[in-house]
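What follows is the residue order along each chain.
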Amino acid sequence: MIFLEKAAIVLCLDVGFTMSSSAPGEESSLEQAKKIMTKFVQRQVFAESKDEVAVVLFGTDGTRNDLASGDQYQNITVHRSLMLPDFDLLEDIQDVIKSGSEQADFLDAIIVCMDLLQKETIGKKYEKRHIELFTDLSSPVSEDQLEIIIANLKKTGISLQFFLPFPVDVGDGGGDTSASVCSHVHRNSFPRKSLTEQQKEGIDVVRKLMHTLDEEGGLEEIYTFRESLERLSMFKKIERRPMAWPCQLTIGSNLSIRIVAYKSVTEEKVKKIWTIVDAKTLRKDDVQKETVYCLNDDDETEVQRDDTIQGFRYGSDIVPFSKEDEEQMKYKTEAKCFSVLGFSRSSQIRRHYYMGNQVLKVFAAKDDENAAVAFSSLVHALDELKVVAIVRYAYDRRCNPQIGVAFPYIKDAYECLIYVQLPYMEDLRQYIFSSLKNNKKCIPTADQLSAVDSLIDSMNLVYEDDDGETFEDLFKPSKIPNPHFQRLYQCLQHKAFHPNEPLPPIEQHLLEMLEMPCVVKERCQAPLEKVKALFPLKEISKKKEEKTAQDIFKDNSEDGPNPKKPKIEEEEGSFSIIKLAEGNVTSVGSVNPAEDFRILLRQKNADFKDVSQQLINRIDQFLENKGSQYYMKGINCIRVFREEAMKLSKVQCFNDFLQALKSKVEDKALADFWEIMIQDRISLITKDEAEESSVTSEEAEKFLAPKEKKNETLPPTEEGGDVDDLVSTVKT
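Analysis parameters
Residues numbered from 1 in each chain as written. Predicted model: local features only at pLDDT ≥ 70, side-chain atom pairs only at ≥ 80, totals over all residues. Heavy atoms only, no water. Helix = DSSP H or I, 4+ residues; strand = E, 2+ residues; numbered from the N terminus. Buried < 20%, exposed > 50% of the residue type's maximum accessible area, 1.4 Å probe, protein only. Contact = heavy atoms within 4.5 Å. Pairing = 2+ DSSP bridges. Axes fitted to C-alpha atoms, helices over the stretch in contact; angles between N-to-C directions. Patch = residues over 30% accessible without salt bridge, like charges linked within 9 Å, V, L, I, M, F, W, Y side chains within 5 Å. Areas by Shrake-Rupley, 256 points an atom, 1.4 Å probe, with all protein chains shown as cover. Salt bridge = Lys/Arg side-chain N within 4 Å of Asp/Glu carboxyl O. Lys, Arg positive; Asp, Glu negative; His and termini not counted. Charge placed at Lys NZ, Arg CZ, Asp CG, Glu CD. Core = buried A, V, L, I, M, F, W, Y, C linked by side-chain atoms within 4.5 Å. Phe/Tyr/Trp six-rings, centres within 6.5 Å; stacked < 30°, edge-to-face > 60°. Lys NZ or Arg CZ within 6 Å of the ring centre and 35° of its normal.

Participant: Is there a simple way to think about the overall build of the chain in this case?
Facilitator: Each helix and strand counted, the chain has 22 helices and 19 strands in total. In the chain, which comprises 732 residues, the share counted as buried stands at 36%. Contacts in the chain between residues at least 24 apart in sequence constitute 69% of all its contacts with a sequence separation of at least 6.

Participant: Could you clarify how one ought to interpret the sheet that holds strand β13 (residues 337–345) in this entry?
Facilitator: The pairing of strands in a sheet happens through backbone hydrogen bonds and is either parallel or antiparallel. Around the barrel, 7 strands lie side by side as β7-β8-β14-β17-β16-β15-β13; this closed barrel has mixed pairing. Each neighbouring strand pair of the sheet contributes to a mean axis angle of 40°, computed without reference to strand direction. Note: strand β8 (residues 255–266) against strand β14 (residues 355–364), 7 bridges, orientation antiparallel. Looking at the pairing, V260 lines up with F363 of β14.

Participant: Mind showing me how you'd approach the pairing of strand β7 (residues 245–251) here?
Facilitator: Within a regular strand, the side chains alternate between the two sheet faces. The sheet contact formed by β7 and β8 spans 7 bridges and is antiparallel. Following the sheet pairing, W245 is matched in β8 by A261. As judged from the 3 bridges shared by β7 and β13, these two strands associate in the parallel manner. Bridge pairing in β13 links L249 to F338.

Participant: Any chance you could explain unusual backbone geometry here in plain terms?
Facilitator: The phi angle of most residues is negative, glycine excepted, and most peptide bonds adopt the trans form. Residues other than glycine seldom take positive phi values, yet L137 does so here, at roughly 60°. Mapping L137 onto the fold places it in the loop between β4 (128–134) and α4 (146–156). Given a relative accessible area of 0%, L137 falls into the buried group. The phi torsion at K386 lies on the positive side, around 55°, for a residue other than glycine. Along the chain, K386 falls in the loop between α8 (369–385) and β15 (387–394). A residue is classified by how much of its surface remains accessible, and K386, at 59% relative accessible area, is exposed.

Participant: Please clarify how a negative patch on the surface should be interpreted in this entry.
Facilitator: Taken together, D297, D298, D299 and E300 make up a surface patch of like negative charges. By secondary structure assignment, the location of E300 is in the loop between β9 (293–294) and β10 (302–303). For E300, a relative accessible area of 55% gives the class exposed.

Participant: Just checking my understanding: could you explain a nonpolar patch on the surface for this structure?
Facilitator: A surface patch of nonpolar side chains, about 350 Å² in accessible area, is lined by F312, Y314 and V319. Relative to the helices and strands, V319 is located in strand β12 (residues 317–320).

Participant: Looking at this structure, I do not really get the pattern of salt bridges. What am I missing?
Facilitator: Side-chain pairs of opposite charge can arise whenever the charged atoms involved come near each other. Within the structure shown, the criterion is met by 19 salt bridges. Residue E689 is joined to R642 by a salt bridge in which the shortest nitrogen-to-oxygen separation is 2.9 Å. In this pair, E689 sits in the loop between α20 (671–679) and α21 (697–704) while R642 sits in helix α18 (residues 628–647), placing the two residues 47 residues apart along the sequence. Note on R642: relative accessible area 6%, which makes it buried. One network of salt bridges, with partners in common, ties together E595, R598, R602, E643, E644 and K647.

Participant: I would appreciate a short explanation of the nonpolar core in the present structure.
Facilitator: Soluble globular proteins: nonpolar side chains tend toward being buried together. Residues V56, F106, L107, I110, I131, F162 and L209 are the most contacted members of the largest nonpolar core, which totals 44 residues. Residue assignment for this core shows that the elements contributing at least two residues are β1 (7–14), β2 (52–58), β3 (76–83), α3 (106–120), β4, α4, β5 (158–164) and α5 (197–213). The dominant element in this core, judged by the number of residues it contributes, is α3, at 10 residues. Among residues more than four places away in sequence, those in contact with L209 are L107, I110, L146, I150, L153, L160 and F162. Formed by 41 residues, the second largest nonpolar core is a distinct cluster that contains V588, F597, I635 and V665.

Participant: What am I meant to see in the packing of aromatic side chains here?
Facilitator: For any pair of aromatic rings, the description rests on two quantities: the centre-to-centre distance and the angle between the ring planes. Counted under the stated rule, the structure contains 22 aromatic pairs. Aromatic side chains F134 and F163 sit 4.8 Å apart centroid to centroid with 15° between the ring planes, which places their arrangement in the stacked category. Here F134 is found in strand β4, whereas its partner F163 is found in strand β5, with 29 residues between them in sequence. A relative accessible area of 1% places F134 in the buried class. Here F163 falls in the buried class, since its relative accessible area comes to 6%. Through successive ring pairs, a cluster of aromatic residues spans W245, F338, Y393, Y395 and Y419. Over the ring of F703 we find K662, and its NZ or CZ is 4.8 Å from the ring centre.

Listed below in structure tokens is the structure:
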């Protein structure tokens, strides 16, 4: 098993009085150093790092460390022992740590940090022990113990980094510009005359110390404050321990190879740690959540959880489905599985077939020579034959199986199989679009093709030199952190310390993160102008038709012909456009059933009876749900059903449906729905509207009237029915 490296880190900060001084309009060195420390701790907190952090201050008014005695190691304070970083540490850095009125030798501070690391890491396992020292080098320094410090740093394996307000090559008046990786960028900001003699002496000591520790790269561990802020502007990604997935790769019933797989790519998601707290006390314990189940009746009768069962909506009915049923339904496998079903040419597996939320790298099992030989043979054979394995993959016996592809991946350092999930039939989306080649208006000219080719070449994100030997990625997605996480952490950190203030604006580097690289932006300007000239865009102003309130709110189902009604041919044209916009409609859906119904009826070989039955099922579903929004959807469906029945001479089909609907409304006490039908005057289709009908206007009017009460002669205490009661309630 592979474990993440765990480090012990000491942040050693100079708080002497010179650190708080600054030029007008500029931040002091102490404030800059605290910003860097804050950024560093933020990254550790949000990355859920297991590294432990301590804080040592030198230049403090008081003294608190284990080495202090007499006049030795004075004005050095161990502010915080080694522990996991948290918001308390962030708060200390921002509000508690203040400038002192004394000074202390930074070499003495390094010794105190080394002593702390030695004592507090006894009995614990750390892969790395590290000191980060922030100072302006203005305090007096004694080199008496420099050799001892260097020897002990090498012996204990403790690494050291310096963070200064200026680059180390300033003290030379120019010197070797390669002393620090990025220091030359800011060299001109710190002319030699701006440094004091004490700072120049401090630079010499730092250079001697770091060069002795590492002759080649020691000086690269000295950073400027400005450079460090730029590097720490991004929150660190959450560190994940690689979890091995051991299994058997099987080919047929006789060949089995021990393998182990690791997640190589997977979508990172924000950890769900949101919780509900009391707005005043901010305590989670002060809020209790309780779920109560009630019947949908007047008294809202409470139902115990044990008396409920989950159901699956199947059309207009609810099919009960218990937890036991759900368990029995689940796909049962004997165990985890990575079984080769067969092989296919790699060219047959299209890139757009890749799906799923992870990519696995599959290796031979560790310390198994037979598995390694067999697995290597398989990988190389796949690579040489340019074929891939089609695999049945199941994570464990509780998981549904997947079909995926495993293709060979051979590097100098290792070889493996890359597994990616493939889609089932239901996962594929088929769309049919008209061909651009068959439309003469869409055929580009030679100049247009050349212009687009030039644009593509100019936007190449891979830089290649003239010889074609050097390549450089100008845009590296693998190095770009998720802007959503960066913004979230920024806002959480701000709210933790400023709960009553508005959120800060999005940082500029986040906005620029996904922008086109500057080099590419400059390079593509000329080709873009050429494309713009060859593909002119003209604005077509469409005159808006003036509509009156009567046009907007008119009743579409008025009896009698409407002289302003558009022709059927025009309507059919509009529906073909809707069809293109909505996609290939194959059934009456629940989102826009009326439009689906119309589109289906205009398809070739459409069966009116079958399509209308689909619409009727949707209407029944809306009535079962109850509620005004569902009722209005149902009314719209009935109105469209009526219109289409008249157009297509299917009058009897609609009238039979409406007769059945009235009986259903009376049986299920849906008087409020029928009241809407009465108000909208949606009745049977009469012979005045369609020749096929045998219904008179009087019969249609009578059909809408509520059913007469059968017990009108009974005493008042017993009279009335459910429908009448509900209608009267609606009217009041």
